[in-house]
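# A closer look at the structure
Below, each chain spelled out in residue letters.
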Amino acid sequence: VSEVDATVAEAFSTYRVEWMYADPMYWQDIIGKWAAEFGDKVVFEFWTNKERRMVDALERFHTAASTGQLKHDGNGTITRHVLNARKKKVRAGTLIRKETPRSKRKIDACVAAVLAYEARGDAIADGRLRKRRNRIYGF
């Protein structure tokens, strides 16, 4: 938890974070801390066990990756976690899961990438990522 907390703090000090999604399963306290520290209009809960919402997010991520709208920088962890993900058909569509619940083949970085892409889309829709114009005033 302390490593994740430090990484999130570093991200907020390094980048202009406008929207962050975090899965609160087992993390509600720390996500609450982040919302208090960085703003509850920036840090949001995203329950990945809500099938419809996750199916939609995965479809948007997959479409963006397939059409070249989403680029991959070659990060080995993300590559490994995406390759570890297994499709699971549910009533709402297709989700991803580990091959077995106890598998040591993690998919966390894949899920984090999906949530990051979803947060980006929601920040754009909200208008937060509009380019700010520099104003020059003449005297």
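Everything numeric in this text was worked out from a predicted model, so none of it was measured.

## Describing the pattern of salt bridges
Inspection of the entire model under this criterion finds seven salt bridges. Two residues, R16 and E18, come together in a salt bridge whose shortest N-O distance is 2.7 Å. The salt bridge involving R52 is made with D56; its shortest N-O contact spans 2.8 Å. Of this pair, R52 and D56 are both found in helix α3 (residues 51-67), four residues apart, which corresponds to roughly one turn of the helix. Overall, the relative accessible area of 45% leaves R52 in the partly exposed class.

## Examining the environment of F46
The topology assignment puts F46 in the loop between β2 (43-45) and α3. What makes F46 buried here is its relative accessible area of 0%. Between the C-alpha atom of F46 and that of A92, which follows or precedes it by 46 residues, the distance is 17 Å. Those residues in contact with F46 that lie beyond four places of it in its chain are Y21, A22, D23, P24, R53, M54, A57, L115 and E118.

## Looking at the nonpolar core
Formed by 22 residues in total, the largest nonpolar core has its most connected members in M54 and I96. For this core, the secondary structure elements donating two or more residues are α3, β4 (93-97) and α5 (108-126). The element best represented in this core is α5, accounting for eight residues. Here I96 is in contact with L58, A85, R86, I107, C110 and V111, once residues within four sequence places are set aside. If you look at the next biggest cluster of nonpolar residues, it comprises ten residues, including V8, M20, V42 and V43.

## A few points about the packing of aromatic side chains
Going through the model one piece at a time under the given rule, you end up with six aromatic pairs. With 6.2 Å between their ring centres and 75° between their planes, W19 and Y21 make a pair best called edge-to-face. Each member of the pair, W19 as well as Y21, carries the same accessibility label: buried. Ring centres of F61 and Y117 lie 6.2 Å apart, and the angle between their planes is 80°; on these two criteria the pair is classed as edge-to-face. Note that F61 is positioned in helix α3 and Y117 in helix α5, a separation of 56 residues in sequence. Y117 shares its class with F61; the two are buried. Grouping aromatic residues by their ring pairs yields a cluster made of W19, Y21, F44 and F46.

## Some remarks on the environment of K50
Here K50 shows up in the loop between β2 and α3. With 38 residues separating them along the chain, K50 and F12 place their C-alpha atoms 27 Å apart.

## Quick word on the packing of helix α1 (residues 2-14) against helix α2 (residues 28-38)
Any two packed helices are characterised by how steeply their axes cross, that is the angle between the axes, and by the distance between the axes. Put simply, α1 and α2 touch, their axes get as near as 12 Å, and they point 25° apart. Relative to α2, the element α1 is oriented roughly parallel. The chirality of how α1 crosses α2 is right-handed. Within the contact between the two elements, α1 uses V4, D5, V8, A9 and F12 and α2 uses I30, K33, W34 and F38. For the contact of α1 with α2, the class distribution of residues is seven nonpolar, no polar and two charged.

Conventions we followed
Each chain has its residues counted from 1, following the order in which its sequence is written. Per-residue local features of the predicted model are confined to residues with pLDDT of at least 70, and side-chain atom pairs are confined, for both listing and counting, to 80 or more; whole-chain, interface and lining totals are unaffected and use all residues. The side-chain values count all of the structure's non-hydrogen atoms but skip hydrogen atoms and water molecules. The rule for a salt bridge is simple: a side-chain nitrogen of Lys or Arg has to be within 4 Å of a carboxyl oxygen of Asp or Glu. In DSSP terms, a helix is any run of H or I states spanning at least four residues, a strand is any run of E spanning at least two, and both are numbered starting from the N terminus. Any residue under 20% of the maximum accessible area for its type is buried, any over 50% is exposed, and the rest in between are partly exposed; the area is computed with a 1.4 Å probe on protein chains only. Two residues form a contact once any of their heavy atoms are found within 4.5 Å. Put simply, buried Ala, Val, Leu, Ile, Met, Phe, Trp, Tyr and Cys residues joined by side-chain atoms within 4.5 Å make one nonpolar core. Classification of ring pairs uses Phe, Tyr and Trp, with its six-membered ring standing for Trp, and accepts pairs whose centres are within 6.5 Å; under 30 degrees between planes counts as stacked, over 60 as edge-to-face, and the remaining range as tilted. The convention used is that axes are lines fitted to C-alpha atoms, helices contributing only their stretch in contact, and that angles between N-to-C directions extend from 0 to 180 degrees. An angle below 35 degrees is treated as roughly parallel, one above 145 as roughly antiparallel, one from 65 to 115 as roughly perpendicular, and anything else as oblique. Left-handed describes a crossing in which the near helix is turned anticlockwise from the far one by less than a right angle; the clockwise case is right-handed. Under the scheme applied here, ten amino acids are nonpolar (Ala, Val, Leu, Ile, Met, Phe, Trp, Tyr, Cys and Pro), four are charged (Asp, Glu, Lys and Arg), and all others, including Gly, are polar.

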